[in-house]
Amino acid sequence: ALRRHSHPRLDLILMSSLLQMAFGNEPCKLPTSSSTLLKWTLNLGSTDIVKISSVPESLEILRGIKTDIAIVSIMGPYRTGKSFLLDKLVPHDEGVFPFKVGNTVQPETEEVSMVLLPPCATGAKETVIVLDSPGLFAPNRASIFDAQVLAVLNLLSSVALYNNLNIIDRSSIEKLSFAVETAFTMSYFEQQSSDNAISRPHLIWVIQNFHLAMQGPGGVELSGPKWIESILEQVDKSNNGTSTFRKDFGEFFASLDVRTLPFPVPAVADLPKLVEIPSDKLEPQYREAVSQLWKHVLSRAGPKEMGGMRMSGAALARLVEKWSEHMNVPIASYKANSAEELLGHIMSAEISRGTVRFAEQLQQAIKPPMSDAAIEA
């Protein structure tokens, strides 16, 4: 009966009541700003990468997470509105922008930044970690930079959003494919055995400013997965069998999908000042599409797994730390640092933490023996 007479306002009240019952009377803490998780140091005046560093303060934040985790990341060409989209997807108070947004030709994001969404903010059981990333294919960065960004996001993510504008064309496929091919060994997917495998992310290709009909030959409606599979297959065929994009994407990602977003404003002249426009003033169709996209993302963002076990915040912190250390190893010795070494180190740390937790729980469960004074009394 409740479902039959459901009303949006009543649903909101009911959800609020349920959240208060689950989490007490404390208000749900929404993100106000992002924290830097990884940063790249470049030689001044060049594209040479000197060092990749993880940020200790952010690793401590990850270690403090008590629930299971799901990681959602976004990547894509620079200046295509990745950070703006995240600010619309991620729950936050009006007027607050957790991710830095720019409106010039200069790339705005130079690091992987994160926000944490507690279960009360999403309705999920897990803490959802959202990662923003540097734009790919920027003129001031070498191609190895793009491969490293793609590698670490795929290694960490439950869902990876690939942000693009207008349409998926051959150039988009070829650019991403080159980065995927280079990133494959950096993310350790090709070296993983079934015993210690890290779960691969679901790819959702997001096309912003989309105004076409998703139809195939004869006007047949295409689903997102069918469309991306069709595009990859067509590009492979047009290359006379010399490319294996469909196979490569299928091995690098757990699944492929496409979601589209219409123009957020009716006038093109308003696009440069999107940040200044309140969310409720954006086009209703855009707001609805963003809402549906976020629901779809959460439905795919299951707990991140490693070696058949759900990854903890502490394990994620260790993974970020060890991956960045391995990326700083000279390429000649880098190949000796296998997936077995990386994952074995992290799994060992997880087992040690689990042993300590078990010992603490066991100690609390067993009553200590009575003192001599208590016995005499």
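This structure is a prediction, so every number in the text was calculated from the model and none was measured. (Residues numbered from 1 in each chain as written. Predicted model: local features only at pLDDT ≥ 70, side-chain atom pairs only at ≥ 80, totals over all residues. Heavy atoms only, no water.)

A. Spatial organisation of the nonpolar core. With 59 residues, the main nonpolar core has Leu62, Ile129, Leu131, Trp205 and Leu316 as its most contacted residues. Per element, the largest residue contribution to this core is 9 residues, and it comes from helix α5 (residues 143-156). Setting aside chain neighbours within four positions, we find Ile129 in contact with Leu62, Ile65, Ile69, Ala70, Ile71, Val72, Met114, Val115, Leu116 and Leu316. Of all hydrophobic cores here, the second largest spans 29 residues; its members include Ala121, Val128, Ile204 and Tyr286. (Core = buried A, V, L, I, M, F, W, Y, C linked by side-chain atoms within 4.5 Å. Buried < 20%, exposed > 50% of the residue type's maximum accessible area, 1.4 Å probe, protein only. Helix = DSSP H or I, 4+ residues; strand = E, 2+ residues; numbered from the N terminus. Contact = heavy atoms within 4.5 Å.)

B. Spatial organisation of the packing of helix α7 (residues 224-238) against helix α8 (residues 245-252). Direction vectors running N to C along α7 and α8 enclose 140 degrees, while the axes themselves pass 8 Å from each other. In terms of their interaxial angle, α7 and α8 are classed as oblique. Two secondary-structure elements touch here, α7 through Glu229, Leu232, Glu233, Val235 and Asp236 and α8 through Phe245, Arg246 and Phe249. Grouping the constituent residues of the contact of α7 with α8 by class yields 4 nonpolar, no polar and 4 charged. (Axes fitted to C-alpha atoms, helices over the stretch in contact; angles between N-to-C directions. Parallel < 35°, antiparallel > 145°, perpendicular 65-115°, else oblique. Nonpolar A, V, L, I, M, F, W, Y, C, P; charged D, E, K, R; others polar.)

C. Region of interest: the state of the cysteines. Counting across every chain of the model gives 1 disulfide. Across the disulfide from Cys28 sits Cys120; the S-S distance is 2.1 Å. When the S-S torsion is 85 degrees, as for the bridge of Cys28 with Cys120, the disulfide is right-handed. Taken together, the positions of Cys28 in the loop between α1 (8-23) and β1 (35-42) and Cys120 in helix α4 (residues 119-122) put the pair 92 residues apart, joining distant regions of the chain. Of the residues examined, Cys120 reaches a relative accessible area of 15% and is grouped as buried. (Disulfide = S-S within 2.5 Å.)

None of the figures reported here should be taken as evidence of function without further support.
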